[in-house]
Amino acid sequence: MTTRLFPLLLLVSLIVPTNLSATDSLSVDKPNVIGRLRQTAECLARKRVDTTYIALPLHPWRVKVKTRVMQTTQRFKSHVDVAEAFGEGHTGELLWEARMRPPVTFSSGVWVGYRGLGLGFQRNMGNSKSTNLNLEIGTLPFSATIHWLTDETDRSDIRVTGWLDGTSINRHETSRLTSPVKTKALVLDAYYFFNHRRFSHAAAYKQSLIQRRSSGSLMLGLLAYYTEADYASPENAEMLRMMGGVGRLKVWQGSLGVGYSYNYVPSPGWLINAHLMPMLTLVNSGKRHLYALPAEGGELEPLGTEHFNMGIDYNLDGRLSVTRSWQRFFVSLYGQLHHFYYRHRRTSGQTFDWQANLSLGLRF
């Protein structure tokens, strides 16, 4: 809890006055910690830029009302050994595929920022079991975002093909799980922009700066990703059987990439950004929680965990945004796509995470 509250306390602390009167008992020779934080934020915001291309807003604070439309789809695939899954005496080979596709969710919330710092919280409308927390930092020449998501879904699209005991199997069904699949995800993306004197990523996605003229930049990117899927329940016995007894899966990934981001200014106050970065996943490991299938009416029996490494893989990070700014007000619309892939032995999976965000903001 302390870790989650720290960025909020930092932002709130920035509005505390730092000037002490002559009657105050504390010394005024040096700025206190809060004053130094404010000075640092101002210095980072005003770091050397070409003012022909980038301008610093007169008002340092920003507050946004945000609405988000998003969906996170997970795909599981398993090459099933029939004898292992159904017992000795059975023969064949099955390909089991499941797509967990929750409904498109709508969330709303508030975001508050000071220069390059910002913190926002959003709650899904009509689904109290899903939350989003975002922490944003945008200072030339860097930009970073931390995104925490929790969700669950009971909607599954399952396809089974292959052979079982000499019989061809081709089954496809859409159903509702009795026990939902619970997911958690933590995403950190950070970028370094080489042309930071004339290009501002923060102008397009955080509105802490204003892009005056069109410009682009080559960028280096870091993407750290953690996800957890938990479906360990007796009601999901078939899913556990097809996944080789795996009832809970955790994946850690770290990716590096080189891409390009471009800000197009068609007229004063307007800004369109396109951002694309293919990435190489260098850290790619996970942990599987294994369970023994229960007898009818019984409980799952934990069998232990298994760590695994999936080797080097690929990833993709893409964004698109449109921003309209006035002196004190702004409107921003942007979309983002993440694609993650993992595999181990006979099982594999993919996660597609897309979102569209609309923000109405005020500078003060």
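Scroll up to find the structure this text is about.
Residues numbered from 1 in each chain as written. Predicted model: local features only at pLDDT ≥ 70, side-chain atom pairs only at ≥ 80, totals over all residues. Heavy atoms only, no water.

A. Inspection of the packing of aromatic side chains at higher detail. Counting across every chain of the model gives nine aromatic pairs. Where W61 meets F364, the ring centres are 6.2 Å apart and the plane angle is 15°; that geometry is what we call stacked. Of the two residues, W61 sits in strand β2 (residues 61–81) while F364 sits in the segment after β16 (347–363), which places them 303 residues apart along the sequence. Note on F364: relative accessible area 40%, which makes it partly exposed. Between Y192 and F194, the aromatic rings sit 5.2 Å apart at their centres with planes inclined by 85°, giving edge-to-face as the arrangement. Under the relative-accessibility criterion, Y192 is labelled partly exposed at 28%. Feature note: the residues W61, Y114 and F364 constitute an aromatic cluster, connected by ring pairs. For the cation-ring pair, R319 lies above Y205, with the distance from its terminal atom to the ring centre recorded as 5.2 Å. (Phe/Tyr/Trp six-rings, centres within 6.5 Å; stacked < 30°, edge-to-face > 60°. Helix = DSSP H or I, 4+ residues; strand = E, 2+ residues; numbered from the N terminus. Buried < 20%, exposed > 50% of the residue type's maximum accessible area, 1.4 Å probe, protein only. Lys NZ or Arg CZ within 6 Å of the ring centre and 35° of its normal.)

B. Broad picture of the side chain of Q71. Examined against the element boundaries, Q71 turns out to sit in strand β2. Under the relative-accessibility criterion, Q71 is labelled buried at 13%. Residues in contact with Q71, not counting those within four places in the same chain, are R101, P102, P103, V104, F352, D353 and W354. (Contact = heavy atoms within 4.5 Å.)

C. Representation of the nonpolar core within the structure. Ranked by internal contacts, the top residues of the largest apolar core, which has 27 residues, are F76, W96, M100, Y231 and M239. Elements with a minimum of two residues in this core: β2, α3 (82–86), β3 (92–100), β7 (142–164), β8 (167–193), α5 (237–242), β11 (246–264) and β12 (270–292). Ranked by residues supplied to this core, first place goes to β3 with four residues. Not counting residues within four places of it along the chain, the set of residues in contact with W96 comprises F76, K77, S78, V80, I158, R159, V160, M239, M242 and M243. (Core = buried A, V, L, I, M, F, W, Y, C linked by side-chain atoms within 4.5 Å.)

D. Seen up close, the pattern of salt bridges. Taken as a whole and assessed by the stated rule, the structure comprises six salt bridges. Where D50 meets R198, a salt bridge forms, and the shortest distance between an N and an O atom there is 3.2 Å. Note that D50 is positioned in the loop between α2 (33–45) and β1 (54–55) and R198 in the loop between β8 and α4 (201–205), a separation of 148 residues in sequence. Since its relative accessible area comes to 35%, R198 is described here as partly exposed. Of the charged contacts, one joins E173 and R171 as a salt bridge, the two residues approaching to 3.3 Å between their closest N and O atoms. For E173, a relative accessible area of 31% gives the class partly exposed. Judged by its relative accessible area of 30%, R171 is partly exposed. Each member of the salt-bridge network shares a partner with another, and the members are R171, E173 and E238. (Salt bridge = Lys/Arg side-chain N within 4 Å of Asp/Glu carboxyl O.)

E. Just the environment of F308, in detail. In this structure, F308 sits in strand β13 (residues 301–309). For F308, a relative accessible area of 6% puts it in the buried group. Here the alpha-carbon distance between F308 and K287, two residues 21 residues apart in the chain, equals 6.2 Å. Contacts of F308, omitting those with residues within four sequence positions, involve L249, S285, G286, K287, R288, R343 and H344.

F. Structural view of the pairing of strand β5 (residues 117–124). Where strand β4 (residues 105–114) meets β5, eight bridges bridge the pair, whose relative direction is antiparallel. Note on β5: the bridge partner recorded for V112 is L119. Linkage of β4 to β5, two consecutive antiparallel strands, is achieved through a turn of two residues, within which R115 is found at a positive phi near 50°. Relative to strand β6 (residues 131–139), β5 runs antiparallel, the two being bridged by seven bridges. Counterpart to R123 in the pairing with β6 is T131. (Pairing = 2+ DSSP bridges.)

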